[in-house]
Amino acid sequence: MNPFGKRLIVCALVASVSACDDGGESFAIATVSPWNEAYGLMSRQGAELAVEQINRRGGIRSRRLTLVGLDDEGTGAKAAAVAQDLVSADSILAVVGHANSSATVAAARVYDGRLPMVSPSASSPELTGISPWVFRVIPSDSANGQDLARFAASLGHTKAAILYENNSYGRGLADAHQTTVPGVLLIGVASVDLELDPEPTGIEVRSVAVGTDGTDARRRHDRQGMHVLPVAVPRHADEPDGP
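A quick note: this is a predicted structure, and the numbers were derived from the prediction, not measured.

(A) How the structure looks around the environment of Asp 175. Tracing the chain through its elements places Asp 175 in helix H6 (residues 168-180). Residues Asp 175 and Gln 146, spaced 29 residues apart in sequence, show a C-alpha to C-alpha distance of 9.2 Å.

Rendered as structure tokens:
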């Protein structure tokens with residue numbers, strides 16, 4: 001464990017125990033998410049609420065439960081580093097998190113065989129079977145993408161172009177959609193800015209939207225006359241991906 005990570009976990013544990021110490025020994029778990037994102041903050045607050053309710057009912061086997069909160073910034077590199085610090089901390093028994101797919105996939109490989117983890121919101125199909133120590137309480141995008149495809153088909157659409165962010169979250173949704181509706185056009189982008197078109201022509205691409213084969217997505221959209229169905233929330237390239 002790096003010295004800074006160790007000090008951070010120790011300080012968080014001391015603060016948690018001091019806040020609710022009743023003289024007895026406690027169990028400690030961690031919650032990890034990107035705190036600068038709304039969904040990351042909600043994940044942390046949900047864990048805090050659960051711990052509060054558990055302790056109000058007498059804790060676990062008459063011991064209080066303490067919570068260590070850590071920020072992984074929603075990136076794979078930071079998540080893996082945080083996970084390494086947690087598996088090296090003997091006091092941490094389990095992890096609630098991580099919140100988004102890329103961070104969870106990276107951290108899962110570190111937790112494997114060492115520390116149990118349950119994610120409240122990571123939906124990438126890459127997590128399926130990644131480790132018997134890793135769990136989640138949300139459907140995989142292998143199911144979500146299929147449902148999106150079936151919904152589009154129920155509206156009578158026979159052609160679709162999927163604009164997706166090229167990360168664990170975006171690829172999971174796009175691949176599931178393509179599997180359900182063969183022949184769908186996939187346009188992978190690193191960053192995309194979308195603006196709803198007031199005309200009934202779907203969505204207009206206003207900024208970076210370059211396909212994996214180097215083709216500009218807007219020209220492709222205009223030429224083929226397709227409605228573009230976004231299946232991942234547009235984000236800037238330097239921001240963490242969605243769940």
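(B) Representation of unusual backbone geometry. Residue His 98 is bonded to the preceding Gly 97 through a cis peptide linkage, with omega at 0 degrees. Here Glu 73, not a glycine, exhibits a phi torsion of approximately 60 degrees, which is positive. Relative to the elements of secondary structure, Glu 73 occurs in the loop between strand E2 (64-71) and helix H3 (76-87). On the basis of relative accessible area, Glu 73 is assigned to the partly exposed category, the value being 41%.

(C) Summary view of the packing of H3 against helix H4 (residues 101-111). Viewed as axis vectors pointing N to C, H3 and H4 meet at an angle of 30 degrees, and their least axial separation amounts to 8 Å. By the angle between their directions, the pair H3 and H4 is classed as roughly parallel. H4 is crossed by H3, and the crossing has right-handed handedness. Facing Gly 76, Ala 79, Ala 80, Ala 83, Gln 84, Leu 86 and Val 87 of H3, the residues of H4 in contact are Ser 102, Ala 103, Ala 106, Ala 107, Val 110 and Tyr 111. Taken together, the residues of the contact of H3 with H4 break down into ten nonpolar, three polar and no charged.

Parameters and conventions
Residues numbered from 1 in each chain as written. Predicted model: local features only at pLDDT ≥ 70, side-chain atom pairs only at ≥ 80, totals over all residues. Heavy atoms only, no water. Helix = DSSP H or I, 4+ residues; strand = E, 2+ residues; numbered from the N terminus. Buried < 20%, exposed > 50% of the residue type's maximum accessible area, 1.4 Å probe, protein only. Axes fitted to C-alpha atoms, helices over the stretch in contact; angles between N-to-C directions. Parallel < 35°, antiparallel > 145°, perpendicular 65-115°, else oblique. Left-handed = near helix turned anticlockwise from the far one by under 90°. Contact = heavy atoms within 4.5 Å. Nonpolar A, V, L, I, M, F, W, Y, C, P; charged D, E, K, R; others polar.

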